[in-house]
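The chain contents come next:
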Amino acid sequence: MSSPVTSSTFRAGALCGLLAGLLIALPGLVEAFTGETSATSVPLALAPAFGLPLITALHRRQGPATGRLGTSAVTVNLVGLGLFGGAAYASNLVLFYLGEDLIDETLTGGPTVPVLLGSAAVFAVGCALFGAAMIRARVLPRVPSWGYAVVMPLLAFLTGLPESPFTSAVHVLVGVILIWLSAALWRTAPATERTTEHATENTTDPNRVST
């Protein structure tokens, strides 16, 4: 009975990853021509939440091939994404609507800036480690695996930068990487389900005679 659960987990993670990729890539593409707007800030704020199921499903897909590196990498990546997601939410849905003077006054006092920088650092390290685990496992396509390890960490430090063609390009690349990984994850789900069901039948069939 474990195969439907595994398959549905992969598909749910793939769908969430697809949505996360679109919520990052499309606003990034629009902002290349319009700059940051309220319409592009909202999807960017929501995108990290949909990355959590994707990372979980990717880890379950490749876990046996990654060993201790995979376990450590997914832990750091999930914690980092949780911290970075909160920072992105605040930046795009709160700070975006405040005046520059108020933002400067808010960020210069207290632990806000150090915590934000620490969150970005944890996210960047987590992405690099998880990308390295994917590269090592060779279960998922190599191009998006390398992209996750190299391009995703850049996303952590874009929040504090002004909008530019570079930031837009990074957002589009990150979205493409997530969509690519999600598509690969979706393709593996039916095959994994059939394999697991076949193994279960062979194990539980009382009439099966070993040769």
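What counts and what doesn't
- Residues numbered from 1 in each chain as written.
- Predicted model: local features only at pLDDT ≥ 70, side-chain atom pairs only at ≥ 80, totals over all residues.
- Heavy atoms only, no water.
- Helix = DSSP H or I, 4+ residues; strand = E, 2+ residues; numbered from the N terminus.
- Buried < 20%, exposed > 50% of the residue type's maximum accessible area, 1.4 Å probe, protein only.
- Contact = heavy atoms within 4.5 Å.
- Patch = residues over 30% accessible without salt bridge, like charges linked within 9 Å, V, L, I, M, F, W, Y side chains within 5 Å.
- Areas by Shrake-Rupley, 256 points an atom, 1.4 Å probe, with all protein chains shown as cover.
- Salt bridge = Lys/Arg side-chain N within 4 Å of Asp/Glu carboxyl O.
- Expected span 1.5 Å × (residues − 1).
- Axes fitted to C-alpha atoms, helices over the stretch in contact; angles between N-to-C directions.
- Parallel < 35°, antiparallel > 145°, perpendicular 65-115°, else oblique.
- Left-handed = near helix turned anticlockwise from the far one by under 90°.

**What to know about the side chain of His171**
Turning to its location among the elements, His171 is positioned in helix H7 (residues 165-204). Judged by its relative accessible area of 11%, His171 is buried. For His171, the contacting residues outside a window of four places in its chain are Ile24, Ala25, Gly28, Leu44, Leu155 and Leu158.

**Section: the environment of Leu181**
By secondary structure assignment, the location of Leu181 is in helix H7. With 37 residues separating them along the chain, Leu181 and Pro144 place their C-alpha atoms 6.4 Å apart. Setting aside residues up to four positions removed in sequence, Leu181 forms contacts with Leu58, Met134, Leu140, Pro144, Ser145 and Tyr148.

**Things to note about a nonpolar patch on the surface**
Taken together, the side chains of Leu15, Leu18, Leu22, Leu26 and Trp186 present a nonpolar region at the surface, about 450 Å² in accessible area. Per-element tally for the nonpolar patch: the top contributor is helix H1 (residues 2-34), with four residues. Note on placement: Leu15 falls in helix H1.

**Topic: helix H4 (residues 112-137)**
End to end, H4 covers 37 Å across 26 residues, agreeing with the expected 38 Å (1.5 Å per residue, within 8%). For H4, the full list of buried residues reads Ser119, Ala120, Phe123, Ala124, Gly126, Cys127, Phe130, Gly131, Ala133, Met134, Ile135 and Ala137. In the segment just after H4, Arg138 is the residue with positive phi, at about 60°.

**What to know about the packing of H4 against helix H5 (residues 142-150)**
Where H4 contacts H5, the axes come no closer than 7 Å and their chain directions differ by 160°. As far as their axial angle goes, H5 and H4 are roughly antiparallel. The two elements H4 and H5 cross, and the hand of that crossing is left-handed. Packed against H4, whose contacting residues are Cys127, Ala128, Phe130, Gly131, Ala132, Met134 and Ile135, the element H5 presents Arg142, Ser145, Trp146, Tyr148 and Ala149 at the interface.

These results come straight from atomic positions and should not be treated as a statement about function.
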